[in-house]
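A structural walkthrough
For reference, the chains in residue letters:
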Amino acid sequence: MAVSLLILGLLLALTGCGLAKPPANVPFSENGSPQYLVSVSTGETVGSGILYQADEACLYVLTAAHVLSKMTAGQEVSICFFDGWEVSCANIFFSGTSDLAMLEISAVEIPDEHRELYACAARDKESFDRLRPGDGCTALGLTNEKNCVRNEGNLLEPWIYMEDYGQYMLWADVSIQPGMSGGGLLDEKGRLIGILSGGSEDGELAAVPLSLILQFMADMGK
């Protein structure tokens, strides 16, 4: 079955968004933003991102590829972490098959006292594989004013072909707001199950599923 989902302009910030209550069982900043949620910007274009993985050498942030679609040659991406620490990133890798991009940040760019505060998003492939229509989920992202937005809803289909994307996506009955592209779709226990990609006027969203994220990271050798 194919579903056509209207991709909205999710990159410009929505002013006046209130601070949302964060999901349980994960660490947060004082403004309610989980420590894995970052702001991603290229000039006037603003989106969200997820700190997905870290090792001694690098931190790896995932976002939606279309957040970076207006970059010019040689332009770097600005990444702002939950505590306000901001770095520039030039090491950017795009998926050839899905709306995903990985930002590779050198660990030496972030002082130890900041880096030790950051947490990667929790995920579990077995739990993802058990997702069913009707399961609860949460869309999580930031405005460019760095307000945390958390909208709850339910999965419509965890794996469905969408013509607008030309690939399989997660489809959920959850509204998303401008600036949330590249943020996370979480399951009922706060585990990452997708990267937010687009939304419809009917209050539905599409997200790149965790299975495709795992494949992308494996292709990157991560």
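Please refer to the structure higher up on the page.
Notes on the structure in this doc start here. Every value quoted in this text rests on a predicted model; they were computed, and no experiment measured them.

The rules we used
Along each chain, numbering runs from 1 in the same order as the chain's sequence is written. Residue-level local features of this predicted model are given only where pLDDT is at least 70; pairs of side-chain atoms are given and counted only at 80 or more, and the full residue set underlies all totals for whole chains, interfaces and linings. Neither water nor hydrogens contribute to the side-chain values; these are computed over all heavy atoms in the structure. Strands are labelled as partners when DSSP assigns at least two bridges between them. The numbering of helices and of strands both runs from the N terminus, where a helix is a DSSP run of H or I of at least 4 residues and a strand a run of E of at least 2. Interaxial angles span 0 to 180 degrees and are taken between N-to-C directions of axes, which are lines fitted to C-alpha atoms, for helices over the stretch in contact. Any two residues whose heavy atoms approach within 4.5 Å are treated as being in contact. Aromatic pairing here means that ring centres of Phe, Tyr or Trp (its six-membered ring) are within 6.5 Å. Orientation follows from the plane angle: under 30 degrees is stacked, over 60 is edge-to-face, and everything else is tilted. Think of it in three bands: with a 1.4 Å probe and only protein chains considered, a residue is buried below 20% of the maximum accessible area for its type, exposed above 50%, and partly exposed in between. Geometrically, a charge over a ring is one whose NZ (Lys) or CZ (Arg) sits within 6 Å of the ring centre while staying within 35 degrees of the ring normal. Candidate patch residues must exceed 30% relative accessible area and have no salt bridge, after which like charges are joined if within 9 Å and Val, Leu, Ile, Met, Phe, Trp or Tyr side chains if within 5 Å. Areas reported as accessible are Shrake-Rupley estimates using a 1.4 Å probe. Residue values count occlusion only from the protein chains shown. The rule for a salt bridge is simple: a side-chain nitrogen of Lys or Arg has to be within 4 Å of a carboxyl oxygen of Asp or Glu.

Let us look at the sheet that holds strand β4 (residues 58-63). Within a beta sheet, neighbouring strands are joined by backbone hydrogen bonds and run either parallel or antiparallel to one another. Strand order in the open sheet formed by 7 strands is β6-β5-β2-β3-β4-β8-β7, with antiparallel pairing between adjacent strands. Two strands close off the open sheet at either side, each with one partner strand: β6 (86-89) and β7 (91-94). Each strand of the sheet is rotated relative to its neighbour by a mean of 30 degrees, with strand direction disregarded. Lying over the sheet, helix α3 (residues 210-219) contacts β3 (45-54), β4, β7 and β8 (101-106), oriented at roughly 70 degrees with respect to β3.

A few words on the packing of aromatic side chains. Across all of its chains, the model carries 4 aromatic pairs by this definition. Pairing Trp-159 with Tyr-168 gives two aromatic rings, centres 5.0 Å apart and planes at 5 degrees, and the pair type is stacked. We classify Tyr-168 as partly exposed; its relative accessible area is 37%. Centre to centre, the rings of Tyr-161 and Tyr-168 are 5.4 Å apart; their planes meet at 70 degrees, and the pair counts as edge-to-face. Within the aromatic cluster, the residues linked to one another by ring pairs are Phe-81, Phe-82 and Tyr-118. Its end group placed over the ring of Tyr-52, Arg-123 keeps NZ or CZ at 3.8 Å from the ring centre.

A cluster of nonpolar side chains, Trp-159, Tyr-161 and Tyr-168, forms an exposed patch at the surface whose accessible area comes to about 300 Å². Inspection of the secondary structure puts Trp-159 in strand β10 (residues 148-162).

Moving on, we come to the environment of Asp-173. Within the secondary structure layout, Asp-173 lies in strand β11 (residues 167-173). Here the alpha-carbon distance between Asp-173 and Leu-155, two residues 18 residues apart in the chain, equals 6.1 Å. Among residues more than four places away in sequence, those in contact with Asp-173 are Gly-153, Asn-154, Leu-156, Gly-203 and Glu-204.

Okay, the pattern of salt bridges next. One pass over the full model with this rule turns up 5 salt bridges. For Arg-115, the salt bridge is made with Asp-112, and the minimal N-O distance between the two is 2.8 Å. Of this pair, Arg-115 and Asp-112 both sit in helix α1 (residues 112-115), 3 residues apart, which is roughly one turn of that helix. A salt bridge links Lys-125 to Asp-129, with the shortest nitrogen-to-oxygen separation between them at 2.9 Å. One end of the pair is Lys-125 and the other is Asp-129, both in helix α2 (residues 125-129) and 4 residues apart, which spans about a single turn.

Turning next to the pairing of β4. The side chains of a regular strand alternate between the sheet's two faces. Among the 6 residues that make up β4, 6 are buried, leaving the element largely enclosed by the rest of the structure. Burial along β4 is two-sided: the residues Cys-58, Tyr-60 and Leu-62 and Leu-59, Val-61 and Thr-63 are all buried. Pairing analysis gives 4 bridges linking β3 to β4, with the strands arranged antiparallel. By the bridge assignment for β4, Gln-53 is matched with Tyr-60. Linkage of β3 to β4, two consecutive antiparallel strands, is achieved through a turn of 3 residues. Sheet topology note: the β4/β8 ladder contains 6 bridges and is antiparallel. Its bridge partner lying in β8, Thr-63 is registered against Ala-101.

Within the secondary structure, Val-46 sits in strand β3. Take Val-46: its relative accessible area is 9%, and that puts it in the buried class. Considering only alpha carbons, one finds Val-46 and Thr-143, 97 residues apart in sequence, at a separation of 7.9 Å.

What follows concerns the environment of Ile-195. Inspection of the secondary structure assignment puts Ile-195 in strand β13 (residues 192-199). Residue classification places Ile-195 among the buried positions, given a relative accessible area of 0%. Residues within four places of Ile-195 in sequence aside, it is in contact with Ile-50, Leu-62, Thr-63, Ala-64, Leu-100, Gly-182, Gly-183, Ala-206, Ala-207, Val-208 and Ile-213.

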